[in-house]
Amino acid sequence: MSSPVEDVTRPASDEPFLVVDDLTVKFPTADGLVHAVTGLSYSVEMGKTLGIVGESGSGKSVSSMAVVGLHDAKRTHISGSIRVGGTEIIGLSEQRMRRLRGNEMAMIFQDALAALHPFYRVGAQLAEGYLAHHPDATKRDANAKAVAMLDRVGIPQPDQRARDYPHQFSGGMRQRAMIAMALINDPKLLFADEPTTALDVTVQAQILDLLQDLQRDFGSAIVFITHDLGVIAEMADDVLVMYGGRAVELGSCAAVMSKPQMPYTWGLLESIPELVSDTTKRLLPIPGTPPSLLHPPTGCPFHPRCRFTGDVPGDLCERELPDLVPGLEGASHLRRCHLRNPAETMANAAARKEV
Amino acid sequence: MAPPPETASDVGTSTDSGSSWSSNGKPLLEVKDLVKYFPVKSAGLMRRVVGQVQAVDGVSFTVNKGESLGLVGESGCGKTTTGRVLTKLYEPTSGSIMLDGTDLAPLSPKQMMPFRKDVQMIFQDPYTSLNPRHTVGAIVGTPLRVHSVVPRDKVLPRVQELLELVGLNPEHYNRYPNEFSGGQRQRIGIARALALQPKLMIADEPVSALDVSIQAQVINLLEDLQKEFEIAVLFIAHDLAVVRHFCPKIAVMYLGKIVEVGDRESIYGNAHHPYTQALLSAIPDVKQAQIGGRRERIHLEGDVPSPINPPSGCRFRTRCWKAQEICATQEPPLVQIGKEGHLAACHFAEPYDSAIHDAAKAQREAAKAS
């Protein structure tokens, strides 16, 4: 590669490519300090996909933007450690950050129409990203590369479409163009923030397939952020469930989906109708509303909405924050809950509902 | 009016559930050949009409009293336009909307007035559909005042009753919408729609703007209210799992036309139209991860074509793996297949068979290559 990035990006040991350790993000506002993300830790290996699930305000986007370095340093308090390929991100100068961004990691946003510049042709926007990281490349190379990338993401007649403006693209094609833009410098780490939420299911299926294909070809690590558990189920190897700015459950996709260990995850799974579920049964909603991040609840962030606080002795849930520790299901499945055996308690509740 | 038995207007007149008949034995809502075109005008002074966006093009269906019909399809297929034409927010280009024996289609806004309270709407976006400068009491109370359904001094007690009904604190009538969360706002919208005790409610994507954990609350609320007041609901949504849960009957739209309609079991268990099959296969499902392994998807190419210039014949043919010559020349009628009340508009309607899909796809690709 002709880019002048020094060889700081080689993993020092066999550490996973992305390691987030005890990340805390706070925003000072007129109303007080917003605790957007608190004590978040996770890691992603090359070629793997981590799905981050949570509702709006759970901190899933804020934590990812911290990794890509998109927060305004003057208005954000970030602490903890983020290592991308062995490089510590936090405290890195904007200049160094810019070299990493695009080269080592890139981000796909939800709203492609807002993320693409309306006044520049799609091809030119792609080429600009390539030129920024390949100073030796000519404009002609960059344009050729842009067309090749558009072709790779499945845009028909890429050489002509590269001369179109974003508004001339359909929603699915815009999303493809943005994926092409993110991948033009072969980043090793890709953040996809609700990349298919604005799309129709048939187009969503196309984009999900495309991302899986690209991951197979490039071996990149993907962090996939969404509130749609179905999409996570299709895409992710591992799942991180966030609530109120904290990780509340972390494990392999199959384990979290089939044996949730935390009442919030369980509640999410119970509250969505499925294509095969019994339609005479009522949905079991999670009561209440998401917590305020200005004044997070004491103890477990989920306790005001949890059905199972009565199963925990005393007022432990209100007083004490449970640690994110392995449950009974094995060391790789972490959960933040005071229940001794959440799976059993929740299975009993589900059985009661069916009676 | 006695429509021939094989047209779409016959949908749902079967008595399988046995409960959903209005007093005169007719369905509550009978939509027939509903058409809504939007003119496309040229730039410049003359503003000549240069084309028509065929948003809804000959849609027929019926909804019985207290029943819900789900309307699904991709964006741009005309499901929202259909809902808006039914409330006469848009004037229909042609066709009839029989509501309890009255055709709403030709009515002027003034003539429409007494019927407005029978058809109410719940909107998708709880942020833009409530006036930020009005209190909740004013928002929910306005329909009561406009239609003078209760004496002026009884408006407030009725508003509080409605707020309680949708699970909000009746003491909050003096608050403004910005003091409520998204789910609570949607409840305000539901209370407003409920105020006039409508016979038909049009719910246009009522939960898609809400967080997953809140969606179930609102769906359960709608279910309870529908049962309690026997309101018919036209449930417009793109989330097929939610529609399956809520609606015993489902109509699938594509580019302004209904391509398949039937009861829940027919659509989700035995879909015959390739578009329905593709739509169902595209939904990511949690169950997949629980049992491990991934399901085979039907890959639809490209996007929905422009409704200004829709494909000839069958409108789905440009994305269909089964398309033959006949599909380009003849538009398939919506006819009954198998079970009563299960209709599909396809020349090659049959249950999905992956072998046929793969073979047809391979053949088409080979033809394209040569």
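Quick caveat, the model's predicted, so the values are computed rather than measured.

The subject of this paragraph is the overall build of chain B. Helix and strand counts for chain B come out as 12 helices and 12 strands. Taken against the 2.2 N^0.38 rule, which gives 21 Å for 370 residues, the C-alpha radius of gyration of chain B at 22 Å falls within 12% of a compact globule. Referenced to the eigenvectors of the C-alpha coordinate spread, the extents of chain B come out at roughly 75 × 55 × 50 Å. For chain B, the residues scored as buried account for 46% of the 370 residues in total.

The buried fraction of helix α11 (residues 263-271) of chain A is high, at 8 of 9 residues. Along α11(A), the residues classified as buried are A:Pro263, A:Tyr264, A:Thr265, A:Trp266, A:Gly267, A:Leu268, A:Leu269 and A:Ser271.

Contacts between chain A and chain B engage 38 residues on the former and 36 residues on the latter. For the side of chain A that touches chain B, the secondary structure elements donating two or more residues are α8 (201-218), α9 (229-235), α10 (253-258) and α11 of chain A. Residue composition of the side of chain A that touches chain B, grouped by class: 20 nonpolar, 12 polar and 6 charged.

All names here are of chain A. We note that the domain assignment places domain 1 (12-104 + 188-355) and domain 2 (115-186) within chain A. Centre-to-centre separation of domain 1 and domain 2, based on C-alpha positions: 31 Å. In this assembly, 12 residues from domain 1 lie in contact with 14 residues from domain 2. Of all the elements, α8 adds the most residues to the side of domain 1 that touches domain 2, at 6 residues. Partitioning the side of domain 1 that touches domain 2 into residue classes produces 9 nonpolar, 3 polar and no charged.

Turning to the environment of B:Thr93, a few remarks are in order. Locating B:Thr93 in the fold gives a position in the loop between α1 (79-86) and β4 (94-99). B:Thr93 sits 57 residues away from B:Lys36 along the chain, and the two C-alpha atoms are 4.8 Å apart.

What follows concerns the pairing of strand β9 (residues 238-243) of chain A. All names here are of chain A. Counting buried positions along β9 yields 6 of 6 residues, so the element is predominantly enclosed. Residues Asp238, Leu240 and Met242 of β9 are buried on one face, and the alternating residues Val239, Val241 and Tyr243, pointing to the opposite face, are buried as well. Relative to β9, strand β3 (residues 49-53) runs parallel, the two sharing 4 bridges. Note that in β9 the partner of Leu50 across the bridge is Asp238. With 6 bridges connecting them, β9 and strand β10 (residues 246-252) associate as antiparallel partners. From the neighbouring strand, Tyr243 faces β10, where its bridge partner is Arg246.

All names here are of chain B. As summarised here, the arrangement of the 8 strands in space is β6-β7-β8-β3-β9-β10-β12-β11, forming an open sheet in which the pairing is mixed. Whereas interior strands pair on both sides, the edge strands pair on one side only; in this sheet they are β6 (119-122) and β11 (335-336). The sheet contact formed by strand β7 (residues 200-204) and strand β8 (residues 232-236) spans 5 bridges and is parallel. Counted as the bridge partner of Ile202 is Leu234 from β8. In this fold α1 packs onto β3 (68-72), β6, β7, β8 and β9 (249-254), with an angle of close to 150° to the strand it touches most, β8.

Glancing now at the packing of helix α3 (residues 136-146) of chain B against helix α4 (residues 155-165) of chain B. All names here are of chain B. Running from amino to carboxyl end, α3 crosses α4 at an angle of 120°, the nearest separation of the two axes being 9 Å. With respect to α4, the axis of α3 lies oblique. Note on packing geometry: the crossing formed by α3 with α4 is right-handed. Counted together, Gly137, Val140, Gly141, Leu144 and Arg145 of α3 and Val155, Leu156, Arg158, Val159, Leu162 and Leu163 of α4 form the full contact between these two elements. By residue class, the composition of the contact of α3 with α4 is 7 nonpolar, 2 polar and 2 charged.

This next bit is on the pairing of strand β7 (residues 189-193) of chain A. All names here are of chain A. The element β7 is largely enclosed, with a buried count of 5 among its 5 residues. Here strand β6 (residues 105-108) pairs with β7 via 4 bridges, running parallel. In the sheet register, Met107 faces β7, and the bridge partner there is Phe191. As paired strands, β7 and strand β8 (residues 221-226) are joined by 5 bridges and run parallel to one another. Note that in β8 the partner of Asp193 across the bridge is Ile225. Following the backbone out of β7, through α8 and into the adjacent parallel β8, one traces a crossover that is right-handed.

Cut-offs applied
- Residues numbered from 1 in each chain as written.
- Chains lettered and ligands numbered in written order.
- Predicted model: local features only at pLDDT ≥ 70, side-chain atom pairs only at ≥ 80, totals over all residues.
- Helix = DSSP H or I, 4+ residues; strand = E, 2+ residues; numbered from the N terminus.
- Rg over C-alpha atoms; globule rule 2.2 N^0.38 Å.
- Buried ≥ 20, exposed ≤ 12 C-beta atoms within 10 Å, placed from the backbone.
- Contact = placed C-beta atoms within 7 Å.
- Nonpolar A, V, L, I, M, F, W, Y, C, P; charged D, E, K, R; others polar.
- Domains from an automatic or database assignment.
- Pairing = 2+ DSSP bridges.
- Axes fitted to C-alpha atoms, helices over the stretch in contact; angles between N-to-C directions.
- Parallel < 35°, antiparallel > 145°, perpendicular 65-115°, else oblique.
- Left-handed = near helix turned anticlockwise from the far one by under 90°.
- Right-handed = clockwise from strand over helix to strand, strands pointing away.

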